[in-house]
Amino acid sequence: MDAQTLEDIVAAGLPECDVTVTEQGGHYTIHAVGAQFEGLRAVKRQQLVYSVVADLIAAGTVHAVNIRAKTPAEAEA
């Protein structure tokens, strides 16, 4: 799977977030920025993003994912 396809999937699953995905050697980094992360701990933020890609990981389509989930204020800092 290419980074753009994964980005489209995550963006569809998290429509209130700005999403970018990069890929390097089969490892994906998902950057998600959205107000829905306000007041949530890092683990809960990652769980929200992970829930969108969990089936892809379980199927072996995506192997390694690094999630960066931030609020808009955190992204600006």
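From a predicted model like this one, the values you see are computed outputs, not experimental measurements.

Quick notes on the nonpolar core
Next up, step 1: Membership of the largest hydrophobic core comes to 17 residues, with the highest contact counts inside it found for Leu6, Val10, Val19, Val21, Ile30, Phe37 and Val49.
Next up, step 2: If you list the elements that add at least two residues to this core, you get helix H1 (3-13), strand E1 (18-24), strand E2 (27-33), helix H2 (42-58) and strand E3 (64-70).
Next up, step 3: Aside from chain neighbours lying at most four places away, what touches phenylalanine 37 is Cys17, Ala32, Arg45, Leu48, Val49, Ala69, Lys70 and Thr71.

Focus on H1
Next up, step 1: Among all positions in H1, only Ala3, Leu6, Glu7 and Val10 are buried. Buried residues of H1, viewed axially, fall in a sector of 105°; they line one side.

Regarding the environment of histidine 31
Next up, step 1: Relative to the assigned elements, histidine 31 resides in strand E2.
Next up, step 2: Owing to a relative accessible area of 31%, histidine 31 belongs among the partly exposed residues under this scheme.
Next up, step 3: Considering only alpha carbons, one finds histidine 31 and aspartate 18, 13 residues apart in sequence, at a separation of 8.0 Å.
Next up, step 4: Once residues within four sequence positions are removed from consideration, histidine 31 is found in contact with Asp18, Val19, Thr20 and Arg68.

Parameters and conventions
Once a new chain begins, its residue numbering starts again from 1 and follows that chain's sequence as written. Totals for whole chains, interfaces and linings use all residues, but because this is a predicted model, local features are given only for residues with pLDDT of at least 70 and pairs of side-chain atoms are given and counted only at 80 or more. Based on all heavy atoms of the structure, the side-chain values leave hydrogens and waters out of the count. Among buried residues, the Ala, Val, Leu, Ile, Met, Phe, Trp, Tyr and Cys ones that are joined through side-chain atoms within 4.5 Å form a nonpolar core. Only protein chains enter the accessibility calculation, which uses a 1.4 Å probe; a residue is then buried when its area is under 20% of its type maximum, exposed when over 50%, and partly exposed in between. For helices the rule is a DSSP run of H or I covering at least 4 residues; for strands it is a run of E covering at least 2, with both sets numbered from the N terminus onward. Residues count as neighbours in contact if any of their non-hydrogen atoms are within 4.5 Å of one another. Relevant arc is that of directions from the helix axis to the C-beta atoms, nothing else.

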